[in-house]
Amino acid sequence: MKGTEAFKEIIPLLTDEPVIHANGFICRESFNQKDREGNFYMIGSMGLASSIGLGVAMCRPNQKTIILDGDGNVLMSMGTLAMIASAAPKNLLHIVLDNEVYESTGNQRSLSKSIALDQVAQGAGYPHVKKVTKKEEIKPAFEELMGKSGPSFLLIKVEPAFEKSTGRVTHTPEEITSRFMKALAATDGRSPL
Ligand SMILES: Cc1ncc(C[n+]2csc(CCOP(=O)(O)OP(=O)(O)O)c2C)c(N)n1
Ligand SMILES: [Mg+2]
């Protein structure tokens, strides 16, 4: 399955959850398929979607928070897996699109061909971990994990095949932040800071 196809499966399953995106093609693909105010695009820095997602989940325990991460991003911040498992937010689903490369910067190989990220998450202490390799498996795995008391981890193995012409996120970082905070306020009734 291509990364683009994986997004076509995931996006219709989203409702009003905050979704924190890792940088590169993960932001770009999601933005181009369906931009949402509740999407936080970490457009610059690699490795930070997981820690931002952890913070959002811990501050808002009554709603699921979803992280859409990449293998390179996870490998860069592997310690955050331990932090998430230790903080144990029940409302966090951590999804990783694993293409075994740093596709956004030219398909350099990552370590995830030999390091099984689902096993790393399990070893860190995520109570629910699943791995899928076919697009038909995404919806049932997503629904199962959304029904669990997390943190949960869904590893989606994909081919390195994002569409190279997929445009960049056109919102500024300030716009991304302010509309994301408004979207959070709309679902939890609190006013944005
Ligand atoms: C701190 C930092 N280092 C390097 C980069 C350059 N960079 C941007 S995206 C990316 C690859 C991310 O890999 P992965 O998470 O596997 O996502 P993919 O591109 O494969 O979808 C790299 C190396 C960056 N933006 N920030
Ligand atoms: Mg990758």
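In what follows, the accompanying structure is described. (Residues numbered from 1 in each chain as written. Chains lettered and ligands numbered in written order. Predicted model: local features only at pLDDT ≥ 70, side-chain atom pairs only at ≥ 80, totals over all residues. Heavy atoms only, no water.)

**Re the overall build of the protein**
Moving on, step 1. Looking only at helices and strands, the protein features eight helices and eight strands.
Moving on, step 2. A compact globule built from 193 residues should have a C-alpha radius of gyration of about 16 Å, and the protein, at 15 Å, falls within 12% of that.
Moving on, step 3. Taking the principal axes of the C-alpha coordinates as reference, the protein spans close to 45 × 35 × 30 Å.
Moving on, step 4. When contacts within the protein are restricted to residue pairs at least 6 apart in sequence, those whose partners lie at least 24 apart make up 73%.
Moving on, step 5. Here the protein displays about 8,900 Å² of accessible surface, and carbon together with sulfur accounts for 54% of that area.
Moving on, step 6. Taking the average location of the 22 positive side-chain charges in the protein and that of its 22 negative ones, the two points are 2 Å from each other. (Helix = DSSP H or I, 4+ residues; strand = E, 2+ residues; numbered from the N terminus. Rg over C-alpha atoms; globule rule 2.2 N^0.38 Å. Contact = heavy atoms within 4.5 Å. Areas by Shrake-Rupley, 256 points an atom, 1.4 Å probe, with all protein chains shown as cover. Lys, Arg positive; Asp, Glu negative; His and termini not counted. Charge placed at Lys NZ, Arg CZ, Asp CG, Glu CD.)

**Describing the packing of aromatic side chains**
Moving on, step 1. Overall, the coordinates contain three aromatic pairs when judged by the stated rule.
Moving on, step 2. Summarising the aromatic geometry, the rings of Y126 and F153 are spaced 5.3 Å apart at their centres and angled 80 degrees between planes, so their arrangement reads as edge-to-face. One end of the pair, Y126, is in the loop between α6 (117-124) and β7 (128-132); the other, F153, is in strand β8 (residues 152-157), and 27 residues separate them in sequence. Exposure class is identical for Y126 and F153. Each is buried. (Phe/Tyr/Trp six-rings, centres within 6.5 Å; stacked < 30°, edge-to-face > 60°. Buried < 20%, exposed > 50% of the residue type's maximum accessible area, 1.4 Å probe, protein only.)

**Observations regarding the layout of surface pockets**
Moving on, step 1. If you add up the space inside the second largest pocket, you get close to 240 Å³.
Moving on, step 2. Taken together, 18 residues make up the lining of the second largest pocket; nearest its centre are N23, N73, Y102, E103 and S104.
Moving on, step 3. If you list the elements that add at least two residues to the lining of the second largest pocket, you get α2 (25-33), α4 (71-76) and β5 (101-102).
Moving on, step 4. Considering each element in turn, the lining of the second largest pocket owes the most residues, three residues, to α4.
Moving on, step 5. A breakdown of the residues in the lining of the second largest pocket according to their chemical character gives eight nonpolar, eight polar and two charged. (1 Å grid on protein atoms, 1.4 Å probe; cavity = no way out; pocket = protein on both sides within 12 Å on 5 of 7 lines; lining within 4 Å. Points joined across faces, edges and corners; volume = space filled by probe spheres on them. Nonpolar A, V, L, I, M, F, W, Y, C, P; charged D, E, K, R; others polar.)

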